[in-house]
Amino acid sequence: MVSLRPYLFQRSVEEKKMDFSLAQQLTLKNDSKVVLMILDGLGGIPGGPDGKTELEAASTPNLDTLAREGICGLHQPIGTGITPGSGPAHLAVFGYDPLKYEVGRGVLEALGVNFDLKDGDVAARGNFCTVDSNGFITDRRAGRIPTTKNAELCEILRTVKVPGVELFVEPIKEHRLLLVLRGEGLNGAVEETDPQAAGKKPLEPVALDPAAEKTAKAVKQFIAGAAEVLSSASPANMLTLRGFARKPDWPPLRNVWGVTTAAIAAYPMYKGVAKLVGMDVLDTGTELEDEFDTLVERWNDYDFFYFHVKPTDSAGEDGDYDRKVSIIERVDKQIPRLMKLGPGALIVTGDHSTPSVMKAHSWHPVPAFIWSKICRPDAVQVFGERACVAGALGPRLPAIDLIPLAMANAGRLEKFGA
Ligand code: ZN
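Below or above, wherever it landed, is the structure these notes cover. Please read all numbers here as calculations on a predicted model, not as lab measurements.

## What about the sheet that holds strand β10 (residues 304-309)?
Right, on to step 1. What the eight strands build is an open sheet, ordered β9-β8-β10-β1-β11-β12-β2-β13; its pairing is mixed. If you trace the sheet from one side to the other, it starts and ends with β9 (280-281) and β13 (394-398), each paired once.
Right, on to step 2. Inspection of the sheet shows strand β11 (residues 345-349) paired to strand β12 (residues 366-372) by five bridges, in the antiparallel sense. Within β12, the residue paired with Val-348 across the bridge is Phe-369.
Right, on to step 3. The strands that helix α10 (residues 268-276) touches are β8 (261-264), β9 and β10; relative to β10, the one it contacts most, it runs at about 155°.
Right, on to step 4. Sheet strands touched by helix α11 (residues 288-298): β1 (34-39), β8 and β10. Its angle to β10, the strand with the most contacts, is close to 170°.

## Here's the deal with the nonpolar core
Right, on to step 1. The biggest cluster of nonpolar side chains holds 52 residues, and the ones touching the most others in it are Leu-36, Phe-94, Tyr-96, Met-279, Phe-304 and Tyr-306.
Right, on to step 2. If one sorts the elements of this core by residue count, α10 sits on top with five residues.
Right, on to step 3. Met-279 has contacts with Phe-94, Leu-253, Thr-261, Ala-262, Ala-263, Ala-274, Phe-304 and Tyr-306, leaving out every residue within four places of it along the chain.
Right, on to step 4. Among the nonpolar cores identified, the runner-up in size contains 37 residues, and Ala-67, Ile-327, Ile-335 and Val-348 belong to it.

## Digging into the packing of aromatic side chains
When we look at a pair of aromatic rings, we describe it by the centre distance and by the angle of the planes.
Right, on to step 1. Considering all chains together, one arrives at eleven aromatic pairs under this definition.
Right, on to step 2. Ring centres of Trp-299 and Phe-305 lie 5.3 Å apart, and the angle between their planes is 5°; this geometry places the pair in the stacked category.
Right, on to step 3. Accessibility expressed as a relative area gives 7% for Trp-299, which makes it buried.
Right, on to step 4. Owing to a relative accessible area of 0%, Phe-305 belongs among the buried residues under this scheme.
Right, on to step 5. Both rings, one in Phe-369 and one in Phe-383, keep their centres 4.9 Å apart while their planes meet at 75°; by these two values the pair is edge-to-face. With Phe-369 in strand β12 and Phe-383 in the loop between β12 and α14 (385-388), this residue pair connects regions lying 14 residues apart in the sequence.
Right, on to step 6. A relative accessible area of 0% places Phe-369 in the buried class.
Right, on to step 7. Through a chain of ring-to-ring contacts, the aromatic side chains of Phe-20, Tyr-96, Tyr-101 and Trp-250 assemble into a single cluster.
Right, on to step 8. Just above the ring of Tyr-267 sits the side chain of Lys-310; from NZ or CZ to the centre is 5.9 Å.

Thresholds applied
- Residues numbered from 1 in each chain as written.
- Predicted model: local features only at pLDDT ≥ 70, side-chain atom pairs only at ≥ 80, totals over all residues.
- Heavy atoms only, no water.
- Pairing = 2+ DSSP bridges.
- Helix = DSSP H or I, 4+ residues; strand = E, 2+ residues; numbered from the N terminus.
- Contact = heavy atoms within 4.5 Å.
- Axes fitted to C-alpha atoms, helices over the stretch in contact; angles between N-to-C directions.
- Core = buried A, V, L, I, M, F, W, Y, C linked by side-chain atoms within 4.5 Å.
- Buried < 20%, exposed > 50% of the residue type's maximum accessible area, 1.4 Å probe, protein only.
- Phe/Tyr/Trp six-rings, centres within 6.5 Å; stacked < 30°, edge-to-face > 60°.
- Lys NZ or Arg CZ within 6 Å of the ring centre and 35° of its normal.

Now the structure itself:
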């Protein structure tokens, strides 16, 4: 990953580190609130009957007004041509370079099931598999057992004990599970045990670093115990583990920018990513209108709100152009409630593009605007992909620049030098 870096952004990792310390030196306290609204998978490509993207086709008078008054553009979460996952894309929009702030697979899985990872925890993704009487894998996914069966087996796995380490086992979907190890001196540098092919035995969980010896030993003991308690189960009579990763220890957003931070998100994965950067996660309902209610109710409690709308991405993934359009329109209808609160700066964007034509995430730059009373408006008149190309933020803004600009627009950064 690191070798990609020079091609993706102009600034080096070291320079980015400096950016955080510079921000920390320059932050000012004031009453101006910042809202970062992420419509997941917002970006699209032409797909409608009249050759428009979902955002272009949606009737969005409120967002159009803000785009007209604000500065517009398109951002790139990771880099040119790179299709991002939602985890790293979110980190980028939060201002954390995802090539530097990497999240291990196990940690992502833990976020996905809303497992409350503590500092020092090591998480891994597991797969139930089928082995023959000699221990050779015959099916790496145990016939994709139903999730209900998975939950029963996880219940059995919870009886496995390893001295000195607390273990947590949670079902994910079908044959997938989460293992979390908690204890002193754990480390994620452990080799995966999935041999990636049937006809082979599961691999040993070897420590890739001397600091991970204790963890590797505990994992080995857990696997031995698991093999024993699963031996009579069929077809899921064994498991493999991969993506061992420790909960990252990053500078929280509140320390970087001197703001109290809250997340309003309905889906576990996004609550989890928000927790990784130290945000408080607010209780909210499942509908996007509920999330706006929460924003109104908690407005006085925080300086910075991350507001997440998931169904735009789900509709894109489902290839449902019309549904994606209608969700964008539902968001637009709520915008006056937000503006009545009087934000100092507002970002509206996506974490990545999910064109419904492609039914998947894509590399296309993501439409974005920053609105404030002191921004310098550009010529963009409506919020849409093609219109935003001509905006002042440019057609390929590194996503990590969005928050610094919003903070400046909220008057939260003082002058550098005399
Ligand atoms: Zn996403």
